[in-house]
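Close look at the chain arrangement
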Amino acid sequence: GENVEQHPSTLSVQEGDSAVIKCTYSDSASNYFPWYKQELGKRPQLIIDIRSNVGEKKDQRIAVTLNKTAKHFSLHITETQPEDSAVYFCAASISGGGGADGLTFGKGTHLIIQP
Amino acid sequence: DVKVTQSSRYLVKRTGEKVFLECVQDMDHENMFWYRQDPGLGLRLIYFSYDVKMKEKGDIPEGYSVSREKKERFSLILESASTNQTSMYLCASSKGGSMNTEAFFGQGTRLTVV
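Residues numbered from 1 in each chain as written. Chains lettered and ligands numbered in written order. Predicted model: local features only at pLDDT ≥ 70, side-chain atom pairs only at ≥ 80, totals over all residues. Heavy atoms only, no water.

1. Thoughts on the overall build of chain B
This is how the line gets drawn: Put simply, DSSP marks the helices as runs of H or I at least four residues long and the strands as runs of E at least two long, and each gets a number from the N terminus on. The globule rule is 2.2 Å times the number of residues to the power 0.38, and the radius of gyration it is compared with is taken over C-alpha atoms. Residue exposure (1.4 Å probe, protein chains only): buried if accessible area is under 20% of the type maximum, exposed if over 50%, otherwise partly exposed. Throughout, a contact is declared for two residues whenever any of their heavy atoms are within 4.5 Å. When charges are counted, neither His nor the chain ends are considered; positive counts come from Lys and Arg and negative counts from Asp and Glu. The atoms used to mark charge sites are NZ of Lys, CZ of Arg, CG of Asp and CD of Glu.
Scanning chain B for helices and strands turns up 0 helices and 11 strands. For chain B, the N- to C-terminal ordering of α and β elements is β-β-β-β-β-β-β-β-β-β-β. In terms of C-alpha radius of gyration, chain B reaches 13 Å, essentially the compact-globule figure of 13 Å for 114 residues. Dimensions of chain B, computed from C-alpha atoms along their principal axes, come out at roughly 40 × 25 × 25 Å. Burial statistics for chain B: of 114 residues in total, 47% are counted as buried. In chain B, 55% of the contacts between residues at least 6 apart in sequence involve partners at least 24 apart. If the 16 positive side-chain charges of chain B are averaged to one point and the 15 negative ones to another, these points end up 5 Å apart.

In structure tokens form, the structure reads like this:
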């Protein structure tokens, strides 16, 4: 099955700096890569996703890049703010065939924004 | 606004008990999922369903079963609870079709098996 590795497990950055979280996946058939943010005591929520026919996607301060050849994808957060502090999860799955497979998640990155 | 609701926020059960975790979604989603979340391990897929009465094993199905009798409801069953099933359980749902779409999560059930 799919295996997703995520690094680092903890990332501390100064407010206003950029943060980068990296993930690799093992199954070359995976074609959907979402990122979820989980604040303390809350449910995970989607912040951005990318499909394998796209190399990069941006949404305001958040961007995701995908390198299919190397089988890795990254989350970039610019101009970090205190409300960006949370645990971030990358995931991968294979879509198609009429039914969605479940997501395989990385182990998470605890992002800490230092004031 | 999609709502995924899990029946209990906290649950304490004894070893060997049969445990039912219930999840209901109100957006007519075809796909429903059960994950468990443990510190340092992320979210791991237990079972999922893409239609009524259909179920598929995820990565860690051992010791669990599921039931989907109605489209909006997906139940996770621990046949005989054990202490290593103490965890946070998260239900999720998403629209069906040929493309994966956003999964919406419930608030979680923190299960403690004593």
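2. A few points about the state of the cysteines
Residue and element names in this part refer to chain B. Worth spelling out the cut-off: The rule for a disulfide is simple: a pair of cysteine sulfur atoms within 2.5 Å.
Using the criterion set out here, one finds 2 disulfides over all chains in the structure. Cys23 shares a disulfide with Cys91; S-S distance 1.9 Å. Around the S-S axis, the bridge from Cys23 to Cys91 shows a dihedral of about -75 degrees and counts as left-handed. Here Cys23 is found in strand S3 (residues 19-25), whereas its partner Cys91 is found in strand S9 (residues 87-94), with 68 residues between them in sequence. With a relative accessible area of 0%, Cys91 lands in the buried category.

3. Focus: the sheet that holds strand S8 (residues 73-78) of chain B
Residue and element names in this part refer to chain B. Rules: Only strands that DSSP links by at least two bridges are regarded as paired with each other. Angles shown run from 0 to 180 degrees and are taken between the N-to-C directions of axes, each axis being a line fitted to C-alpha atoms and, for helices, limited to the stretch in contact.
Ordered by their spatial adjacency, 4 strands build an open sheet running S1-S3-S8-S7, and the pairing between neighbours is antiparallel. Looking at strand neighbours, the two that pair on one side only are strand S1 (4-6) and strand S7 (64-70), the edges of this open sheet. Direction aside, the axes of adjacent strands within the sheet are offset by 20 degrees on average. One ladder, built from 6 bridges, connects S3 with S8; its direction is antiparallel. Opposite Cys23, over in S8, you have Phe74 as the bridge partner.

4. Topic: the pattern of salt bridges
Residue and element names in this part refer to chain A. What counts here: By convention in these notes, a salt bridge is any Lys or Arg side-chain nitrogen within 4 Å of a carboxyl oxygen on Asp or Glu.
By the definition in use, this model includes 10 salt bridges over all chains. Between Lys37 and Glu39 there is a salt bridge, with its nearest N and O atoms 3.5 Å apart. Ionic contacts of the salt-bridge type, sharing partners, join the residues Lys37, Glu39 and Lys42 into one network.

5. As for a positive patch on the surface
This is how the line gets drawn: Only residues above 30% relative accessible area that lack a salt bridge enter a patch, with like-charged residues linked at up to 9 Å and the nonpolar side chains Val, Leu, Ile, Met, Phe, Trp and Tyr linked at up to 5 Å. Here the Shrake-Rupley method, with its probe set to 1.4 Å, supplies the accessible areas, and only the displayed protein chains count as covering residues.
A contiguous patch of positive charge on the surface is contributed by Arg43 of chain A together with Lys3, Arg9 and Arg110 of chain B. Residue placement: Arg110 of chain B occurs in strand S11 (residues 109-113). Residue Arg110 of chain B is classed as partly exposed on the basis of its relative accessible area of 42%.

6. Considering the side chain of Asp49 of chain A
All names here are of chain A. Put simply, the rule reads: Here a polar contact means two N or O atoms within 3.5 Å. Within protein one must be a hydrogen donor candidate and the other an acceptor candidate, and residues neighboring in sequence count only if both atoms are side-chain atoms.
Of note, Asp49 is situated in strand S5 (residues 45-51). Asp49 sits in the buried class, given a relative accessible area of 14%. Reaching out from Asp49, the side chain makes a polar contact with the side chain of Tyr32 at a distance of 2.9 Å. With sequence-adjacent residues up to four places away left out, Asp49 is seen in contact with Tyr32, Phe33, Pro34, Lys57 and Val64.

7. Here we look at the pairing of strand S2 (residues 10-14) of chain A
Residues and elements named next belong to chain A. Here S2 shows one buried face, formed by Leu11 and Val13, and one open face, formed by Thr10, Ser12 and Gln14. Alignment of S2 against strand S11 (residues 109-114), held across 5 bridges, turns out to be parallel. Bridging across to S11, Thr10 finds its partner in His110.

On their own, these measurements won't tell you what the molecule is for.
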